[in-house]
Amino acid sequence: MKIKVITLIFLALIQASLINAVGIVLGNVSNSISSIQGAGTQLTGWVNVSFDSKTDSIFEAVLGSSKVNLTLKQLLDNSSLKYTCEPADCRQIYTPSFEYTSKNINLGVGQDAELGFYFNGKIERVNEISFSITSNNQPSCKNPLAIDLVADSSYDFNINKHNPNQVYKHNPNQVCEFSQGCFDSSEQLAEASITKERYCERVFLNEAPALFLGAGIKRISNNVNITMSLFSDNLEQLPGASCPISSSSSGVYTDKQCLVNYQINKAGYYFVCVNDPGADNTGEANYVIRFETNSPCGFKRDASNGYTTDYDLFVRAAQYDTIGNIVVNTTMYNKMDFNKLEDYAMDYLLDRYNTDCSNGCIVPIRLHSELGNSFTIDKIKVSHDTVAVSGLVSQKINDVIKQDAKLQSNFVLLDLNFIKAPETAGDNKLVLKLDGSAFFEKDIKVGRIPIIKSLTPLLDSAGVDILFDLSVDSENEIAEYLWDFGDNTTEKTTEPEATHKYKIDAIYKIKVEARDENGFSASKEFNVTISKPSDAVARLIEQYKTFINKINQRSEWYILLVKDDYEIDNAERTITTIEKDIERKGNNSDFVAMLDTLKSLDIPVDIISSYKKSDYSLNRNKVSIENIVALTHEDYNIRDRERILNALEIWNKDNVKASISEEKFEAIFRDGRSDDIGKVFRLDINVKDAYLIIDGKEIKFKQDYEEADLRGAYGLRIRENQIVEFFADDDINIYLSPRLSRLTIAKEACNNNNICEEGEDADNCPSDCKSSKKWIWISILIVGMIVIAAFIPKAIRYIKSRQKPLFRNEFEKMNVISFIKESQAKGMEKKDIANKLKAMGWNSRQISFGFKNINGQRESSPFRRF
């Protein structure tokens, strides 16, 4: 028993240590998460937790392929849950480390360094903060240094901004980024006279110490100055951001630019503009500028009519120059239109510490360089008054240790609706982690949930049996429907319908849940209006007539199609008949019958539309050359298909400018259903003598375009620029083509004329160009035969010689070998030994055998030479 108790205590301690490690505790009722979730839907349910961790602790939720990462503070803020921080403002805590009177700092590209000024005592006032920064950086397009006092991610000093003599010098001969907005010189250009009215172009600018504003202009009259200006994205003129340009060249377009000492501290959109403030009212102009209208982001005068034109305007960024030596103090700070630097530091001490620095406080600074740079901070002076002492001075700056604030919360119900279930059905595991340690896991089955679309009727009368019909989409069989009729009665059915009778006129909230055979369910609420039969009839007639009047007032050509689809004329006749019956003041049963007739009409109560516009581009994969030749009555070889498509792509790019406007219509019914009616397409085509093919079956044209029916497509002739409008039930594909004979089609490599011409070879034209591989093999065969012919006689002689014994007996062989060994022992050369043996009557083969026998070699063969 004692061992068991000790074991339980041990396990409890382990669990407690794990909880402390991740800084999170689960409540007694840990969660309400359903183990069945719909594919692609937001997770339903909550987890009961309390937190005790750093604000930047990483919360991670994983469910199959879905993953969410947030800091703990972001998680609680996004969920609007209560928590407390230490310190109260939840910001990072800085404590002092090493201190310096002079500090060298090396920053890489895009890196930060954090330092701090140390304060001690109960602070009454910060008298002075001043220090010097020295750097020998070279001119660059990157910002060499920005300073963030109090490290709140808001840079207070972009060093190269304020004093042009000491802080930055821009180099007018070297510029960095170039921004021209949407102007495209390769488009079809026209000219506009520069007058008093502004021409503007929207441009995106990154950080820069100064800017060159410019325009491509041509002088046609007087050589006078015209004005370049820079405006914010909301068209407010920026202070000091204007300058004059002029051109002495007459009749020639020249890029002219001028400098404005305006620094861009934050990347974003701006407008660069040009105008001639001295232009007279006679229409005479001194300069003209080029413009084009393809996908514009510019305008004339103002943007009230949207973007209409692109003008040849541009902005160039100047370089940041060397920093040299600068002094950061309140004088520099005041130039940025802020309060004194010392007051800013005092506000920080008040907010963070309530000015009580009895245990020491740090006012941090963060240095940032986009360039990558080396700095020296020295000549430091920090002065402050405390309650006890005035004029305390420090000449030091500190390294700092940064700690994240601590966050704590009581038990909170963390709603997990920010987690999305995977789109693919299957078994998954939900895992919640803090700083990499899992604190909650649950098996989740993901599947396709039913989709409840609509309920009918939503308007009916009291005292009668109402048959409610539910429309549901589901991949699986629906096992049951749960109905809550809103009058304290419920019902369960196995079909998507239920009959119910209401006793009192009112608006009831019906809630219906559909649950499939796998346990996946969906629910939806509907407001149902129940009234006297006569009131229900009157209300429904009013809804229908409002819609019918709305339809009848529209004059667009395609409205007739909508009226035909929903038999609007027949509905009008039915309503007129019922209104005459009402005048006879029928009884209650008559009104019930009228209501049934009205409900059977099932016409919409509203039509909504959405609009989009895009530029035409050819999709070669959807081009039917057969449809083209059916229109042009030409022939084509199917072997030429790819070359024709290549030529057609080039022709479309060079000759066609067209836009496609598409308006989609949707009918809305009184029961909440919606129905796609179709789309109205408007093609604005700028081309000469071409053929338009529209792929689509159910297409109705606005007018007679003399279109040809191509079985699943329509084709028509575009003789010159034309607008074509039509109605289609579904998406369509269009393409434009000239007669195929007008296309510049690359010639086929092989013309089968038995002559190997330029561009033909044995691979692409074997009928005209014989393969060189055949001659290569013939050459190899001939060389081989020559080699064999030269080799055979020698081989025969060798074989014959091998048939004779080399020595008559073993004694002769040993005699030669012994003579060679003895001669070698006396130091004789091989050549001398061989000569002596030859003089004694031994032949070359016998002598060679003797030497090789001594060296452990075999007799050579004539095959070795080959």
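Residues numbered from 1 in each chain as written. Predicted model: local features only at pLDDT ≥ 70, side-chain atom pairs only at ≥ 80, totals over all residues. Heavy atoms only, no water.

Visitor: I'd like a description of the sheet that holds strand E40 (residues 521–531), backed by residues and values.
Guide: Across the sheet, which stays open at both edges, the 5 strands sit in the order E34-E40-E39-E36-E37 with mixed pairing between neighbours. At either end of the open sheet lies a strand with only one pairing partner, and these are strand E34 (459–461) and strand E37 (490–493). Here the strands of the sheet are splayed against their neighbours by 25 degrees on average, with no regard to which way each runs. Where strand E36 (residues 478–484) lies against strand E39 (residues 506–516), 6 bridges are found, and the strand directions are antiparallel. Looking at the pairing, Leu482 lines up with Glu513 of E39. (Pairing = 2+ DSSP bridges. Helix = DSSP H or I, 4+ residues; strand = E, 2+ residues; numbered from the N terminus. Axes fitted to C-alpha atoms, helices over the stretch in contact; angles between N-to-C directions.)

Visitor: Hey, could you go over the pairing of strand E43 (residues 674–686) for me, with residue numbers and the actual values?
Guide: Both strand E42 (residues 657–668) and E43 contribute to a ladder of 12 bridges, which runs antiparallel. Within E43, the residue paired with Ala658 across the bridge is Ile685. Note: E43 against strand E48 (residues 722–728), 7 bridges, orientation antiparallel. The partner of Phe681 across the bridge, within E48, is Phe726.

Visitor: Describe the sheet that holds strand E17 (residues 237–245), and please don't skip the residues or the numbers.
Guide: What the 5 strands build is an open sheet, ordered E17-E16-E19-E14-E21; its pairing is antiparallel. The sheet is open, and its two borders are formed by E17 and strand E21 (298–300), each paired with just one other strand. Each strand of the sheet is rotated relative to its neighbour by a mean of 25 degrees, with strand direction disregarded. One ladder, built from 3 bridges, connects strand E14 (residues 199–205) with E21; its direction is antiparallel. The residue bridging Tyr199 from the neighbouring strand is Lys300, located in E21.

Visitor: I'd love a proper account of empty space enclosed by the protein, names of residues and values included.
Guide: Counted by the stated rule, this structure contains 2 cavities of 30 Å³ or more. Counted as a void, the largest cavity has a volume near 60 Å³. Every residue along the wall of the largest cavity is listed here: Glu177, Phe178, Ser179, Phe204, Leu205, Asn206, Ala208, Leu211, Val315, Arg316 and Ala317. Breaking the lining of the largest cavity down by element, the ones donating at least two residues are strand E12 (175–179), E14 and strand E23 (313–318). (1 Å grid on protein atoms, 1.4 Å probe; cavity = no way out; pocket = protein on both sides within 12 Å on 5 of 7 lines; lining within 4 Å. Points joined across faces, edges and corners; volume = space filled by probe spheres on them.)

Visitor: Quick one: what's the story with helix H5 (residues 533–552), residue by residue and with numbers?
Guide: Look at H5: 28 Å from first C-alpha to last across 20 residues, which is about the 28 Å you get at 1.5 Å a residue. Looking at H5, one finds that the buried residues are Pro533, Ala536, Val537, Leu540, Ile541, Tyr544, Phe547, Ile548 and Ile551. Around the axis of H5, the buried residues are gathered within 135 degrees of arc, so they sit on the same side. Turned more than 90 degrees away from the buried face of H5 sit Glu542 and Thr546, all of them exposed. Those residues of H5 that are buried are in contact with E34, E40, helix H6 (559–565), helix H7 (568–583), helix H8 (588–601) and strand E41 (606–615). (Expected span 1.5 Å × (residues − 1). Buried < 20%, exposed > 50% of the residue type's maximum accessible area, 1.4 Å probe, protein only. Arc of directions from axis to C-beta. Contact = heavy atoms within 4.5 Å.)

Visitor: Let's hear about the layout of surface pockets: which residues, and what values?
Guide: In this model, the largest pocket occupies a volume close to 860 Å³. Around the largest pocket, the lining comprises 26 residues; the ones closest to its centre are Glu187, Asn294, Val656, Lys657 and Ala658. For the lining of the largest pocket, the elements supplying multiple residues, two or more each, are strand E20 (287–292), E41, helix H10 (641–655), E42 and E43. In terms of residue count, the dominant contributor to the lining of the largest pocket is H10 (5 residues). Residues belonging to the lining of the largest pocket are distributed by class as follows: 8 nonpolar, 9 polar and 9 charged. (Nonpolar A, V, L, I, M, F, W, Y, C, P; charged D, E, K, R; others polar.)

Visitor: Now, about the packing of H5 against H8: what can you tell me, with residues and values included?
Guide: Helix packing geometry: the angle between the two helix axes and the distance between the axes. Between H5 and H8, the least distance of the axes is 8 Å, while the angle of their chain directions is 30 degrees. Classified by the interaxial angle, the pair formed by H5 and H8 is roughly parallel. Remark: the crossing between H5 and H8 carries left-handed chirality. For the pair formed by H5 and H8, the contact residues are Pro533, Ser534, Ala536, Val537, Leu540, Ile541 and Tyr544 on the first element and Asn588, Phe591, Val592, Met594, Leu595, Leu598, Lys599 and Leu601 on the second. Of the residues belonging to the contact of H5 with H8, the class tally is 12 nonpolar, 2 polar and 1 charged. (Parallel < 35°, antiparallel > 145°, perpendicular 65-115°, else oblique. Left-handed = near helix turned anticlockwise from the far one by under 90°.)

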